[in-house]
Amino acid sequence: MSAQAQLPSIAVAQARELFFEQGADPVPWIAPHISRSWQRSRPVDHQAVDPEPMALSLLSERREQAMRLLNCAQPELDGLAEHAIGNGCVVILSDASGLILEEIGSPDFLPKAQRIALQPGVEWSEHNRGTNAIGTALAEREALMVLGGEHYLAQNGGLGCAAAPIFTGRGELAGALDISGDTVRVNTHALGLVRMAAQQVEHRMMLAEAGGHVLRFHARPALIGTAREGLMVIDGGRIVAANRVALELFGRSWKDLLDLDADDFLGPHWPRMEHRRGLLTLPGGRQIATVMERSGTPGSPRATRRRSVPSQAVTEADDVQPLLHKAVRVLNEGVSVLVNGETGSGKEVFSRRLHAASRRSAGPFVAVDCASLPETLIESELFGYEQGAFTGARRKGMAGRIREADGGVLFLDEIAEIPLALQTRLLRVLEERVVTPLGGGQGVPVDFDLVCATHGHLPSLVEAGRFRADLMYRVAGFTVTLPALRQRDDRHALISRLFLEAGGAAKHLQLEADALEALAAYRWPGNVRELRSTLRSIVALADAGDCVTAAMLPPHLQDLGMQPAAPSPMPTAPHAAPLQAMTRQALDEALKACDHDVAKAARRLGIHRSTIYRHLARQRGKPAGN
């Protein structure tokens, strides 16, 4: 290694000595964003053990929640995979919390990634893994690199990563794209690739989500229709979404632009641009090349995808949006929000949307399922513990989930399941905003907003003596009751959207009107969770380009006179499992016949190489013998 190449590592080593050993400011030796991240990462044990990935069932649920992101990012994952494989790297997609949803790339590097928990089902947020490209890009809201010793955790010192955040049209974080490999493999070229890919994903997501009028524009007319165009969505006469290109072209931020009156900002003539290219003169006299489409009209991307569903599905009604709007206003004032609803009605999804739209969106979303934790562990999980607090405790203790939520939102799912003995302690933390770990120690100030959820009725539990009245009043500052799926007026639009997100868009499927009506008429005792599972089965059994009719639905949906009393296993499941097994067998046989040459196997099967890389990644995560 040349003397010049050694200089960055020497500087980082000096910074680590100053910060970790002397407690001094490392700024002179490292980039400002790395220094800021190290400071934010102080609560993380810098000798922390790599975590195990979450259970596959939980990961599947999180992937379902992020299905639109996954669908819109898939082409970019496929494209980046070729670069990653050629350079011995992996490409990663995470959600807004830093949870890795998908990972494909070099079979040579994947085992190393797994050894340091860089794999699906592990959350790489800063408050879990310290400074790293995924978590730090989400925290800084900027594309950036984290190389070698710049990682907070020493065990990640051989890793090089470049990541870019992905934003919605309202400036909310949707996720991040990342390229990771050995430090020498990641450079500014990789950073440019993920930055460009993130822009492509944002462009695709905006068009998929748009409702109302979509205004496409650029200073250079030739760029209209490409991912480099500015996009603005106007609904009800107001600007409701814009991409980052639009913000740059206008020199505005999302805060400055969103919810402005379109006539005031664009002038009164913008409606004339519908379905024609031309120059739009803005109120200040500036002219931009523009074309406008009405979302859901013939010729638009949304209409092409949805031409078989009735018009009420295209309007993108959303029964939950008004509830979300009120909850955001309340939460932003520091008032706790309680989300009520039947099992499967989407309480955690609503709470994540609430976090993303709130003042705390840049902070962590820390979810605790109070029902799934044993009574003996819930106290240490919430409040943390000091070194040696009990037998089996970690050597350096644990901060606890409440401290992890500092600066963000703490989500307590099934709050009614917290043992009565711990409710007093939780109430004290909520009132004093100071948490004291088990085993003593000094109290630590915390600052977070609180969202809780339950399918139970807290006043009844209070009357039964199972829940403290004063805690109920503290957590239920504002109560949101989510409607059951059978009660929602937006069922048609919701089913149509979830059908596309479940893979219908990727396979170019059309949901026929009779199928949509049958799905909307069903009572869905398992609510949105059951609906998502059913739609995934329907999509899995359909061939690309199919028109999905009522005759292709599971039998219990075709006969609406037979309503199950409780959620039951899908009749299609026995057929879906063999189909997946046949696919895996075909991939394995092709790889074997081609001496495990991925490119040759892909040509042999007539598929993209990324499909085989994903198959190999899934095989890597399975226990021996499967």
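A. Summary view of the confidence of the model for the protein. In the predicted model, the protein carries a mean pLDDT of 82, and 85% of its residues have values of at least 70. A low-confidence stretch, residues 388–395 (pLDDT under 50), is modelled with ten contacts involving residues beyond four sequence positions or located in other chains.

B. Broad picture of the pattern of salt bridges. A complete count under the given rule lists 25 salt bridges for this structure. Note that Glu202 is salt-bridged to Arg244, the shortest N-O span being 2.7 Å. Taken together, the residues Glu202 in helix 8 (residues 188–209) and Arg244 in helix 9 (residues 244–250) connect sequence positions 42 residues apart. Looking at Arg244, the relative accessible area reads 25%, which means it is partly exposed. Ionic pairing is found between Asp470 and Arg468, a salt bridge with its closest N-O pair at 2.5 Å. Note on Arg468: relative accessible area 28%, which makes it partly exposed. Ionic contacts of the salt-bridge type, sharing partners, join the residues Arg36, Arg40, Glu126 and Glu140 into one network.

C. Inspection of the sheet that holds strand 13 (residues 409–413) at higher detail. What the five strands build is an open sheet, ordered 12-13-16-11-17; its pairing is parallel. Edge positions in the sheet fall to strand 12 (365–369) and strand 17 (478–481), since each has one partner strand and no second. Each strand of the sheet is rotated relative to its neighbour by a mean of 20°, with strand direction disregarded. Across the sheet, helix 14 (residues 320–331) lies against strand 11 (337–340), strand 13, strand 16 (449–454) and strand 17, angled at about 160° from strand 17, the strand it touches most.

D. Up close: the nonpolar core. Within the largest apolar cluster, 54 residues are counted, with the highest numbers of intra-cluster contacts made by Trp38, Leu118, Met232, Phe250 and Leu266. Sequence-distant contacts of Leu266, defined by excluding residues within four places in its chain, comprise Leu215, Met232, Ile234, Phe250, Leu280, Thr281, Leu282 and Pro283. Ranked by size, the runner-up nonpolar core spans 43 residues in total, among them Leu69, Leu80, Leu101 and Leu591.

About the criteria used
- Just so you know, the residues in each chain are numbered from 1, in the order the chain's sequence is written.
- Only residues with pLDDT of at least 70 get local features here, since the model is predicted, and only at 80 or more are side-chain atom pairs given and counted; chain-wide, interface and lining totals rely on the full set of residues.
- Calculated side-chain values reflect all of the structure's heavy atoms, with hydrogen atoms and water omitted.
- The quantity known as pLDDT measures the predictor's confidence residue by residue, on a range of 0 to 100.
- Contacts between residues were defined by any pair of non-hydrogen atoms, one from each residue, lying within 4.5 Å.
- Any Lys or Arg side-chain nitrogen located within 4 Å of an Asp or Glu carboxyl oxygen qualifies as a salt bridge.
- Secondary structure elements follow DSSP: runs of H or I of four or more residues count as helices, runs of E of two or more count as strands, with numbering from the N terminus.
- Each residue gets one of three labels from its accessible area relative to the maximum for its type: buried under 20%, exposed over 50%, partly exposed in between, using a 1.4 Å probe on protein chains only.
- Two strands are said to pair when DSSP picks up at least two bridges between them.
- Comment: axis = line fitted to C-alpha atoms, over the contacting stretch for helices; angle = value between 0 and 180 degrees taken between N-to-C directions.
- To define a nonpolar core, start from buried Ala, Val, Leu, Ile, Met, Phe, Trp, Tyr and Cys residues and group those joined through side-chain atoms within 4.5 Å.

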